Amino acid sequence: MGKIIAIANQKGGVGKTTTSINLAASLAVLEYKTLLVDADPQANSTSGIGFDPRAIKNSIYECLVNDITAKEAIQQTDTPNLDLLPAHIDLVGAEIEMINLEEREYKMKRLLDEVKDDYDFIIIDCSPSLGLITINALTASDSVIIPVQCEYFALEGLGKLLNTIKIVQNRLNTELEIEGILLTMYDVRLRLSNQVVEEVRTHFHDLVFETIIQRNTRLSEAPSFGISVIMHDASCKGAINYLNLAREILEKNGLLKENKQTVTV
């Protein structure tokens, strides 16, 4: 049975979609069958992995609102072992359409339970909000990764997100755990980046991943080609960072295959 991991932070621009695409692709490259779920109405994970959201017939919106099965909406990507459950702009209206449904917080859980046995990992790219779709994602997940950028407002809103996670744990999903806090957009040249790393590690200790995602031109370029950074340039810092993150998660979950050593930059 696959592990479901939500990538969540209501603060925008912290690297949620970049992390979702490239963590999913890294797990796939390491030969773990992976499903990337785009739960953001902006559909950036969908376009960033090579699909035109406007041309998608069945998406997560149809699954949540019209009870289409996940298997009817899942698309194969060009990356071996990586599938996509796409999104499009209609998802923005799903929260309103779901508001009067019974047990509306469990819609995504039931959807993903249908395909959970088909994958080793399911990665959910959440929208930059704490609305009903994000609550659905957290309710459906086994754990959550929280990306935090190495910039001045790094900890802004983090307390609110942790409080939301605690509410979900208490009321909707007692099994939900924090997989880790991921430091992103790190610039080794900036003293501020190092100060943020030190501050986050001081506050959250072992919850913070050892792997840090560095600022990298190839990482920024990859979505414009509709591919992950590992397919764009497997030797760049961004690709190596996300491969190391994938290996760290695998090791933490006791799933790391032999001869899969961490790469340093």
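Because the structure is predicted, anything quoted here is derived from the model rather than measured.

Conventions we followed
Residues numbered from 1 in each chain as written. Predicted model: local features only at pLDDT ≥ 70, side-chain atom pairs only at ≥ 80, totals over all residues. Heavy atoms only, no water. Helix = DSSP H or I, 4+ residues; strand = E, 2+ residues; numbered from the N terminus. Contact = heavy atoms within 4.5 Å. Areas by Shrake-Rupley, 256 points an atom, 1.4 Å probe, with all protein chains shown as cover. Lys, Arg positive; Asp, Glu negative; His and termini not counted. Charge placed at Lys NZ, Arg CZ, Asp CG, Glu CD. Pairing = 2+ DSSP bridges. pLDDT = per-residue confidence, 0-100. Buried < 20%, exposed > 50% of the residue type's maximum accessible area, 1.4 Å probe, protein only. Core = buried A, V, L, I, M, F, W, Y, C linked by side-chain atoms within 4.5 Å.

Concerning the overall build of the protein
For the protein, the helix and strand inventory stands at 12 helices and eight strands. The long-range share in the protein, meaning contacts at least 24 apart out of those at least 6 apart in sequence, stands at 77%. Accessible surface for the protein amounts to roughly 12,200 Å². Of this, 47% is attributable to carbon and sulfur atoms. A gap of 4 Å separates the mean positions of the 25 positive and 37 negative side-chain charges of the protein.

Focus on the sheet that holds strand S5 (residues 121-126)
What the eight strands build is an open sheet, ordered S3-S4-S2-S5-S1-S6-S7-S8; its pairing is mixed. The sheet is open, and its two borders are formed by strand S3 (75-76) and strand S8 (208-214), each paired with just one other strand. Both strand S2 (residues 34-39) and strand S4 (residues 82-85) contribute to a ladder of four bridges, which runs parallel. Its bridge partner being in S4, Val37 is matched across the sheet by Leu85.

Considering the confidence of the model for the protein
For the protein, the average pLDDT comes to 90, and 97% of its residues sit at 70 or higher. The model gives residues 259-265 a pLDDT under 50, and that stretch makes 13 contacts with residues more than four places away or in other chains.

Some words on helix H7 (residues 132-140)
Most of H7 is tucked away: nine of the nine residues are buried. Along H7, the positions that sit buried rather than exposed are Leu132, Ile133, Thr134, Ile135, Asn136, Ala137, Leu138, Thr139 and Ala140.

Thoughts on the nonpolar core
Ile60, Leu85, Met108, Leu112, Ile122 and Ile124 are the most contacted members of the largest nonpolar core, which has 52 residues in total. Considering each element in turn, this core owes the most residues, six residues, to H7. If we skip the residues at most four places from it in the chain, Leu112 touches Ile4, Val37, Leu85, Ile122, Ile124 and Ala140. In this structure, Ile5, Leu36, Ile49 and Leu219 belong to the second largest nonpolar core, which totals 34 residues.

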